[in-house]
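# Per-entry structural report
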Amino acid sequence: MGTSKAGLKGLATFNVTLLALAFGARQSTGLIIPLLIVGDIFAVIYYNRHTQWKYIFRFLPWMLAGILIGAYVGKDLPEKEFKWGMVTIIFISLGLLIWWDKRKSSSVPTHWLFAGPIGIMAGICTMIGNLAGAFTNIFFLAMRLPKNEFVGTAAWLFFITNLVKLPFHVFIWKTITWDSLLINLKLLPAIFLGLFSGVAIVKLINDTNYKRFILFVTAVGAFAMLLR
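Residues numbered from 1 in each chain as written. Predicted model: local features only at pLDDT ≥ 70, side-chain atom pairs only at ≥ 80, totals over all residues. Heavy atoms only, no water.

Attention now moves to the overall build of the protein. Secondary structure summary: the protein contains 10 helices and 0 strands in total. When the helices and strands of the protein are listed from N to C terminus, the series reads α-α-α-α-α-α-α-α-α-α. Contacts in the protein between residues far apart in sequence, at least 24 positions, make up 88% of those at least 6 positions apart. When the accessible surface of the protein is totalled, it reaches about 11100 Å², and 71% of it is carbon and sulfur. (Helix = DSSP H or I, 4+ residues; strand = E, 2+ residues; numbered from the N terminus. Contact = heavy atoms within 4.5 Å. Areas by Shrake-Rupley, 256 points an atom, 1.4 Å probe, with all protein chains shown as cover.)

Here is the structure:
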């Protein structure tokens, strides 16, 4: 998770899958939020100079609307349906990332009909399973943002949206508890290790092989969740 927040964005889906396997689909969504916020704080400080706020302002209102929809839809979903929803989102996300990776268009979409539906889906997915990555990746890739601008802009977007999600998990879903916070404290040293090592890895990573690896391990994790 630390390396993901430091810039290796593809790891996010794999992290969510592992936590869902360990703690259950619903409980894992609240457990991960404080850790994500810690990573977000590091990312916005380190990459702040690269942030492109015009893209955040274009995308954020739609994503916030999606969070409200997700909070309402996900509140009373039984665990089995919640798990199936997360797995479905994971596979849709994988499909979208593969499709966009193969797409060769160089045009930049500017109409709200592009940002709107993708932003709403990102909001729903981040609320239900912290799985907005594929949709936000598609939006920022479509904007042709260079690597550092991509990471810096995404860092602020997720910092804001994770703060918005926090009270829903505490007061409505009740997935953030004193027990979950104690688990977070135990994981903090590893988060910091990942954050600092991730910055170094981002500079060295081979994009093509990295994408293939993430797509593979994420698919394996999703299948494992189905069989659990």
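Our next topic: helix α3 (residues 25-47). Taking 1.5 Å of rise per residue, 23 residues should cover 33 Å, and α3 covers 31 Å from first to last C-alpha, within 8% of that figure. Residue Ile-33 marks the point of greatest curvature in α3, where the axis turns by about 30°; the proline Pro-34 follows within four residues. (Expected span 1.5 Å × (residues − 1). Bend = angle between axes of the 7 residues up to and from the residue.)

Another point: the packing of aromatic side chains. Under the criterion given, the structure shown has 7 aromatic pairs. Between Trp-53 and Trp-156, the ring centres sit 5.1 Å apart and the planes meet at 50°, which makes this aromatic pair tilted. In this pair, Trp-53 is assigned in helix α4 (residues 53-74) and Trp-156 in helix α8 (residues 147-172), connecting sequence segments 103 residues apart. Where Trp-156 meets Phe-159, the ring centres are 5.8 Å apart and the plane angle is 70°; that geometry is what we call edge-to-face. In this pair, Trp-156 and Phe-159 are both assigned in helix α8, 3 residues apart and thus about one turn of the helix distant. By relative accessible area, Phe-159 is classed as buried at 15%. Here the aromatic residues Phe-42, Tyr-46, Tyr-47 and Phe-196 are joined through ring pairs into a cluster of three or more. (Phe/Tyr/Trp six-rings, centres within 6.5 Å; stacked < 30°, edge-to-face > 60°. Buried < 20%, exposed > 50% of the residue type's maximum accessible area, 1.4 Å probe, protein only.)

Quick look at the packing of helix α7 (residues 133-142) against α8 now. Across the interface, α7 lies against α8 with an axial gap of 11 Å and an inter-helix angle of 140°. By the angle between their directions, the pair α7 and α8 is classed as oblique. As for the relative orientation of α7 and α8, their crossing is right-handed in sense. Every residue of α8 that contacts α7 at Thr-136, Asn-137, Phe-140 and Leu-141 is listed here: Phe-150, Thr-153, Ala-154, Leu-157 and Phe-158. Residues belonging to the contact of α7 with α8 are distributed by class as follows: 6 nonpolar, 3 polar and no charged. (Axes fitted to C-alpha atoms, helices over the stretch in contact; angles between N-to-C directions. Parallel < 35°, antiparallel > 145°, perpendicular 65-115°, else oblique. Left-handed = near helix turned anticlockwise from the far one by under 90°. Nonpolar A, V, L, I, M, F, W, Y, C, P; charged D, E, K, R; others polar.)

With respect to the helices and strands, Phe-57 occurs in helix α4. A sequence separation of 100 residues divides Phe-57 from Leu-157, and the C-alpha atoms of the two residues are 9.2 Å apart.

The next point concerns the side chain of Lys-5. Position of Lys-5 among the secondary structure elements: in helix α1 (residues 2-5). We classify Lys-5 as buried; its relative accessible area is 8%. If we skip the residues at most four places from it in the chain, Lys-5 touches Leu-36, Gly-39, Asp-40, Ala-43, Phe-158, Asn-162 and Leu-195.

Any two packed helices are characterised by the angle at which their axes cross and by the distance between the axes. Remark: α4 packs on α8, axes separated minimally by 10 Å, with the N-to-C direction vectors making an angle of 25°. Classified by the interaxial angle, the pair formed by α4 and α8 is roughly parallel. The handedness of the crossing between α4 and α8 comes out as right-handed. Residues Trp-53, Tyr-55, Ile-56, Phe-59, Leu-60, Met-63, Leu-64, Ile-67, Leu-68 and Ala-71 of α4 lie in contact with α8, whose contacting residues are Thr-153, Trp-156, Leu-157, Phe-158, Ile-160, Thr-161, Val-164, Lys-165 and Phe-168. Residues that form the contact of α4 with α8 fall into these classes: 16 nonpolar, 2 polar and 1 charged.

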